[in-house]
Amino acid sequence: MWVMPATRGLKPNYGSMHGDKVASSRQNAFAHLVSDVKNSAVSTPVEINQDCNIYVTELSNGSSVDMKIDSGRQAYMLCMEGGCEVGGAHGEEKLVRHDAAEVVGPTNLRVKANQEGAHVLLVEMKGNGDGSRFG
């Protein structure tokens, strides 16, 4: 996945991690994998030069997780495996393998796995009005 840096001319910053290191923390909870290098409030395996966060969860049958998306922020969610119901301020949608959803804050997002369980990736970032639903 490529995320454009916050400003031009920065030295490239690459990161990677081994998924087994966060395997237990992503079971029925969002594991925070990627964050902004300038955000000292969190510690993630990978840090990037952008106001962006990446989370992953593996939900078992019927389990759910919540994520607050603040005003002026947006997220893109991908159901990588299984299926889930996604609910928030803008209604509820069912997603299955390879379905994606755009989420615009403010909302309290709830992701609930169906009987197969679900493996979900969530990319949360600042909305800048450029291609988002708010200005």
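Residues numbered from 1 in each chain as written. Predicted model: local features only at pLDDT ≥ 70, side-chain atom pairs only at ≥ 80, totals over all residues. Heavy atoms only, no water.

## A few points about the environment of Asp 66
In this structure, Asp 66 sits in strand 4 (residues 64-69). You can call Asp 66 partly exposed: its relative accessible area is 49%. Along the backbone, Asp 66 and Leu 109 are 43 residues apart, and their C-alpha atoms lie at a distance of 5.5 Å. Apart from the residues lying within four places of it in its own chain, the contact partners of Asp 66 are Phe 30, Leu 109 and Arg 110. A polar atom in the side chain of Asp 66 sits 2.6 Å from the side chain of Arg 110. (Helix = DSSP H or I, 4+ residues; strand = E, 2+ residues; numbered from the N terminus. Buried < 20%, exposed > 50% of the residue type's maximum accessible area, 1.4 Å probe, protein only. Contact = heavy atoms within 4.5 Å. Polar contact = N/O pair within 3.5 Å; in protein donor to acceptor, adjacent residues only side chain to side chain.)

## Brief notes about a nonpolar patch on the surface
On the surface, Trp 2, Met 4 and Tyr 14 cluster together to form a nonpolar patch covering roughly 470 Å² of accessible area. Topologically, Met 4 is positioned in the segment before strand 1 (31-36). (Patch = residues over 30% accessible without salt bridge, like charges linked within 9 Å, V, L, I, M, F, W, Y side chains within 5 Å. Areas by Shrake-Rupley, 256 points an atom, 1.4 Å probe, with all protein chains shown as cover. Salt bridge = Lys/Arg side-chain N within 4 Å of Asp/Glu carboxyl O.)

## Some thoughts on the pattern of salt bridges
This structure, assessed with the given rule, holds 5 salt bridges. Across the pair Asp 70 and Lys 68 runs a salt bridge whose closest N-O atoms are separated by 3.6 Å. Judged by its relative accessible area of 37%, Asp 70 falls in the partly exposed class. A relative accessible area of 58% means that Lys 68 is categorised as exposed. Via salt bridges that share partners, Asp 51, Arg 73 and Glu 124 belong to a single interconnected network.

## Here's the deal with the environment of Thr 107
Examined against the element boundaries, Thr 107 turns out to sit in strand 8 (residues 107-126). Separated by 69 residues in sequence, Thr 107 and Lys 38 have C-alpha atoms that sit 25 Å apart. Residues contacting Thr 107, with those up to four places away along its chain left out, are Met 67, Lys 68, Ile 69, Gly 88 and Ala 89. There is a polar contact of 2.6 Å between the side chain of Thr 107 and the backbone nitrogen of Ala 89.

## Describing unusual backbone geometry
Of note, the amide linkage connecting Gly 105 to Pro 106 takes the cis form, showing an omega dihedral of 5°. Mapped onto the elements of the fold, Pro 106 is located in the loop between strand 7 (100-104) and strand 8. Positive phi is not limited to glycine here, since Asn 28 has a value of about 55°. Within the secondary structure, Asn 28 is located in the segment before strand 1.

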